[in-house]
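# Remarks on the overall topology
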Amino acid sequence: MVTGSAGFIGFHLCKRLLQEGCTVIGLDAMTDYYDVTLKQRRHQILSDMAGFTAVEARLETPGLLRDLMAQHRPRAVVHLAAQAGVRYSIEAPRSYLDSNLIGTFELLEAARAFPPEHLLMASTSSVFGANEKMPYAETDKADLQMSFYAATKKANEAMAHSYAHLYDLPTTMFRFFTVYGPWGRPDMALFKFTRAVLQDEAIDIYNNGNMMRDFTYVEDLVYAVRKLMDTAPLRGATPLFGDSLSPVAPFRVVNIGNSEPVKLMAFVAAIEAVLGREAKKNFMEMQPGDVPATWADASLLTQLIGPMPKTDIGTGVAQFVSWYRDYYAV
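For the structure given in this document, a descriptive report is provided here. Computed from a predicted model, the values in this text were never measured in an experiment.

### Description of the side chain of Ser99
- Along the chain, Ser99 turns up in helix α5 (residues 93-113).
- Given a relative accessible area of 11%, Ser99 falls into the buried group.
- Setting aside residues no more than four positions away along its own chain, Ser99 makes contact with Arg58, Leu59, Glu60, Ala82, Gln83 and Thr104.

### Some details on the environment of Val268
- Within the fold, Val268 resides in helix α9 (residues 264-275).
- Apart from the residues within four sequence positions on either side, Val268 is in contact with Phe193, Ile203, Ile205 and Lys281.

### What about the sheet that holds strand β3 (residues 52-56)?
- On the basis of which strands lie adjacent, the open sheet formed by 7 strands has the order β3-β2-β1-β4-β5-β6-β11 and parallel pairing. Two strands bound the open sheet, and with one partner strand each, they are β3 and β11 (251-256).
- Across 6 bridges, the pairing between strand β6 (residues 171-176) and β11 is parallel. Considered in β11, the bridge of Phe174 is made with Val254.
- Helix-sheet contacts for helix α2 (residues 36-47) involve β2 (24-28) and β3, and the interaxial angle to β3 is about 150°.
- Each of β4 (76-79), β5 (118-124), β6 and β11 is contacted by helix α8 (residues 218-229), which is oriented at about 160° to β11, the strand it contacts most.

### Digging into the packing of aromatic side chains
- Per the stated rule, a full pass over the model turns up 26 aromatic pairs.
- Note on Phe191 and Tyr328: the rings are 6.0 Å apart at their centroids and 85° apart in plane angle, and the pair reads as edge-to-face. Of this pair, Phe191 sits in helix α7 (residues 189-198) while Tyr328 sits in helix α11 (residues 313-328), and the two are 137 residues apart along the sequence.
- Given a relative accessible area of 31%, Tyr328 falls into the partly exposed group.
- Look at Trp323 and Tyr324: their rings are 6.4 Å apart centre to centre, the planes differ by 70°, and that puts the pair in the edge-to-face class.
- Looking at Trp323, the relative accessible area reads 8%, which means it is buried.
- A residue is classified by how much of its surface remains accessible, and Tyr324, at 5% relative accessible area, is buried.
- An aromatic cluster of at least three residues, connected via ring pairs, comprises Phe11, Trp183, Phe191, Phe320, Trp323, Tyr324, Tyr327 and Tyr328.
- Taking the ring centre of Tyr167 as reference, the NZ or CZ of Arg112 above it sits at 5.1 Å.
- Above the plane of the ring of Phe128 lies Arg175, whose end atom (NZ or CZ) is 4.8 Å from the centre.

### Quick word on the nonpolar core
- Ranked by internal contacts, the top residues of the largest apolar core, which has 65 residues, are Phe176, Ile256 and Phe267.
- When neighbours within four sequence positions are excluded, Phe267 is seen to be in contact with Ala189, Leu190, Phe193, Phe215, Val262, Ile313 and Val317.
- By size, the runner-up hydrophobic cluster in this structure holds 27 residues, among which are Leu68, Ala160, Leu169 and Met173.

### Concerning the packing of helix α1 (residues 8-19) against α8
- The contact between α1 and α8 brings their axes to 10 Å, and the two run at 60°. Considering the angle they form, α1 stands oblique to α8. The two elements α1 and α8 cross, and the hand of that crossing is right-handed. Contacts between α1 and α8 involve Phe8, Ile9, His12, Leu13, Arg16 and Leu17 from the former and Val218, Glu219, Leu221, Val222, Tyr223, Val225, Arg226 and Met229 from the latter.
- For the contact of α1 with α8, the residue count by class is 10 nonpolar, 1 polar and 3 charged.

### Overview of the pattern of salt bridges
- Counting across every chain of the model gives 18 salt bridges.
- When the shortest N-O distance is used, the salt bridge between Lys133 and Asp140 registers 3.2 Å.
- Judged by its relative accessible area of 16%, Asp140 falls in the buried class.
- As a salt-bridge pair, Lys141 and Asp143 come within 3.9 Å of each other at their nearest N and O atoms.
- Assessed through its relative accessible area of 45%, Asp143 is described here as partly exposed.
- Each of Arg16, Glu20, Arg226 and Asp230 takes part in a single network of salt bridges with overlapping partners.

Calculation notes
Numbering of residues starts from 1 in each chain and follows the order in which that chain's sequence is written. Local features are withheld for residues below a pLDDT of 70 in this predicted model, meaning they are given only at 70 or higher, and side-chain atom pairs are given and counted only at 80 or more; totals for whole chains, interfaces and linings count all residues. Hydrogen atoms and water are omitted, and side-chain values are computed over all heavy atoms in the structure. Numbered from the N terminus, helices here are DSSP runs of H or I no shorter than four residues, and strands are runs of E no shorter than two. Burial classes: relative accessible area under 20% of the type maximum marks a residue as buried, over 50% as exposed, and values in between as partly exposed (1.4 Å probe, protein chains only). By definition, residues are in contact when any of their heavy atoms lie within 4.5 Å. Strands are labelled as partners when DSSP assigns at least two bridges between them. To obtain an axis, a line is fitted to C-alpha atoms, over the contacting stretch when the element is a helix, and the angle between two such axes runs from 0 to 180 degrees between their N-to-C directions. Ring pairs are drawn from Phe, Tyr and Trp, using the six-membered ring of Trp, whenever the two centres fall within 6.5 Å, and their geometry is named by plane angle: stacked under 30 degrees, edge-to-face over 60, tilted for the rest. When the NZ atom of lysine or the CZ atom of arginine is within 6 Å of a ring's centre and also within 35 degrees of its normal, the charge is said to sit over that ring. The set of buried Ala, Val, Leu, Ile, Met, Phe, Trp, Tyr and Cys residues whose side-chain atoms join them within 4.5 Å is what this entry labels a nonpolar core. What sets the label is the angle itself: under 35 degrees gives roughly parallel, over 145 gives roughly antiparallel, 65 to 115 gives roughly perpendicular, and the rest give oblique. It is the rotation of the near helix from the far one that decides the hand of a crossing: anticlockwise by less than a right angle makes it left-handed, clockwise makes it right-handed. Side-chain classes are defined by residue name, with Ala, Val, Leu, Ile, Met, Phe, Trp, Tyr, Cys and Pro counting as nonpolar, Asp, Glu, Lys and Arg as charged, and the others, Gly among them, as polar. What counts as a salt bridge is simple: a side-chain nitrogen of Lys or Arg found within 4 Å of a carboxyl oxygen of Asp or Glu.

This is the structure:
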């Protein structure tokens with residue numbers, strides 16, 4: 001079962017699982033945070049593949065997830081559904097409370113009642129917040145979140161750990177680092193920048209361009225998630241070097257990132273190179289809740305699954321632009 005199956009990452013993960021011959025229950029609320037048509041198109045592609053069952057409903061609906069788990073008894077549950085976005089969490093914090101806290105609680109209760117072999121849940125690199133030590137390691141203290149979005153995700157980690165401990169529920173938390181690629185979210189930089197440049201509009205460059213992000217291509221990330229599905233943490237196992245494995249629960253946090261931060265202006269230059277035109281730039285101050293840089297220490301991930309594919313930024317941007325031009329016929 002994959003929650004958030006019509007979302008950006010959920011769509012790519014479901015597609016990979018279906019291509020492997022898996023049976024997938026995909027749950028998505030189809031909220032209007034961004035263009036619902038994009039979500040519907042993703043779900044339609046999945047629905048045209050053998051083995052996919054689409055469920056359109058909200059996570060936080062009492063008993064819904066429990067009923068789904070009782071009916072289908074999935075071996076693995078990948079919880080990707082969430083209200084995303086650092087900046088939107090300032091405008092509409094209640095939606096994060098509903099989806100990320102109450103919705104995740106409903107999922108944990110369902111997993112307690114009908115335990116999968118492995119529960120995997122999405123967190124975010126934003127939980128590292130004000131940490132200045134880089135690259136970020138899973139064992140670093142992460143108590144200074146800068147946005148309510150990040151705070152809800154850190155809460156999800158704590159909630160999941162308690163259930164893993166109490167109910168012996170093997171659980172892996174992912175901390176994703178700036179995922180991008182085809183079928184991406186319209187609120188993310190690559191999508192907004194590409195659209196603006198093609199429409200000859202200015203792009204907003206925050207912190208006057210003094211930003212770095214550990215851009216991670218979506219298919220590389222999905223490769224890692226799929227490998228981790230087969231790598232459930234075990235209570236009492238011998239920890240790996242730098243392991244985040246809990247001493248009291250079958251619970252682990254894992255960074256998934258490219259481990260090569262890219263300067264924002266280099267990212268913009270890659271988009272300009274692919275589009276063959278220069279962007280008009282509107283330099284701005286740092287946005288509230290944002291951080292100047294992210295950088296993943298992915299050594300634990302490598303120990304668990306071996307080397308992750310690493311698509312370079314030029315290739316990844318080109319893949320996105322190709323999809324964008326095709327999808328919007330521009």
